[in-house]
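Observations on chain architecture
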Amino acid sequence: MSQAYINEEWKVEYVKGSLSLSEEIFSLREETFVNEKCIMNSRNVRAESDQTGWHVLIRNISDNILLAAVHVLPATLADVEANQSNNSILNSSTIYAKRAAIKKQYRAKGLLQLLIYSLIRIYPEHEYLIFHLQDLNSPIRKFTKAIPATEFKSKIIEDIDNPIELTPFITRTESAMVNCFDKMDENTRVIARKMIFDDINAKLEGYIDDFHCHNFWTKLKNHTLTKNEYLSILMDMHQYVRMTTRTLALAAAYSESRDLRNFYIHHLKEEVDHEKILEADISYLGEDVDYLIHSRPMCKAARTITSLGESVISYRQQPEMYLAVPFLLEGLAGSIEESHLSSIVSCIKSWGVKSPRKAANMLISHAGFDGGHDGHHLLDQKMIQVEINTERKKRELLANMDIVFLSLSEIFDPKSIFNDISQVEDANILSNPLLENVYQTPEVTLFQNQGV
Ligand SMILES: [Fe+2]
Ligand SMILES: [Fe+2]
């Protein structure tokens with residue numbers, strides 16, 4: 001969150017709270033924010049209260065003059081003075097935006113919505129935004145659709161003449177971001193779209209970290225992943241990989257945009273026969289590939305990923321939303337490093353397999369296809385940058401990525417499959433009375449079931 005975002009006029013900067021805040025922020029607040037001097041009576045006190053959280057600053061590109069600033073941090077009881085200490089909103093994740101200052105002549109130019117939009121995205125997992133207002137008709141309410149936060153106390157400022165009351169307001173962060181984006185002009189959206197692209201990439205980075213924490217990688221490293229667990233992962237993967245070319249063709253058919261259509265056609269060509277790579281891996285380990293191709297019912301995870309594609313492309317007719325699938329899957333595949341690949345090979349070798357690489361072609365080849373600067377993932381990113389150009393679309397895409405990631409996590413969570421029938425005796429499976437009969441006297445039970 002340290003980079004700046006620019007268009008031809010403005011630059012948005014993020015500064016982590018610190019004592020070394022520049023004088024210009026204080027000057028801007030004194031110039032624009034109501035009774036700043038009354039709230040904070042010395043500069044030391046002001047600087048101290050600015051230490052935590054983040055500051056969002058908007059500057060003019062031409063002369064670097066500070067036009068707008070706001071301080072934002074996770075809300076605490078001390079910040080917002082809740083009526084009850086066990087306040088349900090504070091107990092969920094809430095951010096507090098305070099001391100928003102904007103030069104008067106820029107308020108009508110779209111800076112306010114850009115400022116609010118920019119501050120909410122710092123805390124993407126937080127659900128609510130709270131702020132205090134003196135003017136109840138302030139445009140900030142219009143942009144955020146905030147309502148009075150009755151669970152919080154007003155702030156009273158002792159002014160020279162009359163006390164001033166600042167009323168607390170609250171809004172949901174997700175709808176506030178959508179509303180602020182909608183209220184921006186095209187010039188301001190140039191900045192917001194750069195933020196959207198970074199937010200999507202940041203979400204992917206989070207998934208990559210989570211993916212590498214999966215049990216699968218630990219088990220591979222420790223050589224505790226069994227052959228059956230590995231086979232189960234490959235077979236589940238096969239069930240969505242075999243659908244990929246057909247879903248991509250569907251996406252191409254529904255894409256009105258020529259660039260998007262060509263992207264899906266190009267991607268389709270790259271994926272032709274990739275299920276055969278999996279079939280070769282599976283067959284090398286001695287599994288029944290014929291059953292897999294012709295008879296195995298689709299597993300839940302593969303069904304979810306495939307149905308998601310069919311739904312967004314044909315039923316909802318939003319083929320750009322299918323970008324979530326290649327973007328996430330190729331991003332994850334590209335994140336598999338050399339050390340992971342050697343763990344796969346050495347783990348397979350530990351099962352006594354003669355040529356372990358012959359059983360790992362899918363994972364090894366896709367780390368290469370999808371990763372790197374000329375990999376497939378780079379093309380996905382370029383398309384995302386073009387197509388996912390509103391806050392609403394960003395939220396849809398992230399929701400779809402979430403579904404795909406959950407399904408993939410299900411596939412990569414090695415199932416407890418017994419390597420050897422002798423292990424069954426130690427397992428809880430015997431507590432099931434039906435299975436107990438099967439395992440204790442298999443022949444008799446089978447004959448009884450067949451009426452023999
Ligand atoms: Fe592939
Ligand atoms: Fe790929």
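Residues numbered from 1 in each chain as written. Chains lettered and ligands numbered in written order. Predicted model: local features only at pLDDT ≥ 70, side-chain atom pairs only at ≥ 80, totals over all residues.

A word on the overall build of the chain. Scanning the chain from terminus to terminus reveals 22 helices and 9 strands. The buried share of the chain, reckoned over its 452 residues, is 35%. Considering only intrachain contacts with a sequence separation of at least 6, the fraction spanning at least 24 residues in the chain is 74%. (Helix = DSSP H or I, 4+ residues; strand = E, 2+ residues; numbered from the N terminus. Buried ≥ 20, exposed ≤ 12 C-beta atoms within 10 Å, placed from the backbone. Contact = placed C-beta atoms within 7 Å.)

Any two packed helices are characterised by how steeply their axes cross, that is the angle between the axes, and by the distance between the axes. As a packed pair, helix α16 (residues 324-334) and helix α18 (residues 361-370) sit with axes 7 Å apart at the nearest point and diverge in direction by 105 degrees. As summarised for this structure, α16 and α18 are arranged roughly perpendicular, according to the angle between their axes. Residues E330, A333 and G334 of α16 lie in contact with α18, whose contacting residues are H366, A367 and D370. In terms of residue class, the contact of α16 with α18 is made up of 2 nonpolar, 2 polar and 2 charged. (Axes fitted to C-alpha atoms, helices over the stretch in contact; angles between N-to-C directions. Parallel < 35°, antiparallel > 145°, perpendicular 65-115°, else oblique. Nonpolar A, V, L, I, M, F, W, Y, C, P; charged D, E, K, R; others polar.)

Counting 103 residues, the largest nonpolar core has L115, I116, I130, A324 and L328 as its most contacted members. Broken down by element, this core gets its largest block of residues, 9 residues, from helix α11 (residues 227-254). Leaving out residues up to four positions away in the same chain, I130 has contacts with A75, V80, T94, Y96, A149, F152, P168 and I170. (Core = buried A, V, L, I, M, F, W, Y, C linked by C-beta atoms within 7 Å.)

It is worth spelling out helix α1 (residues 23-32) at this point. Listed in full, the buried residues belonging to α1 are I25, L28 and R29. One face of α1 carries all of its buried residues, which in axial projection span an arc of 100 degrees. Turned more than 90 degrees from where α1 packs its buried face, E23 and E31 sit exposed. (Arc of directions from axis to C-beta.)

We now examine unusual backbone geometry. One non-glycine residue, K145, lies in positive phi territory at about 55 degrees. Classification of K145 by C-beta neighbours within 10 Å gives partly exposed; the count is 14. Here D273, not a glycine, exhibits a phi torsion of approximately 65 degrees, which is positive. Tracing the sequence through the fold places D273 in the loop between α12 (258-271) and α13 (274-284).

What follows is about α12. Under the 1.5 Å per step criterion, the end-to-end length of α12 is 20 Å for 14 residues, consistent within 8% with the ideal 20 Å. Those residues of α12 that are buried lie in contact with α11, α16 and α19 (376-387). The positive-phi residue at the C-terminal boundary of α12 is D273, with phi of around 65 degrees. (Expected span 1.5 Å × (residues − 1).)

So, to be careful, I would describe these as geometric facts and stop short of saying anything about function.
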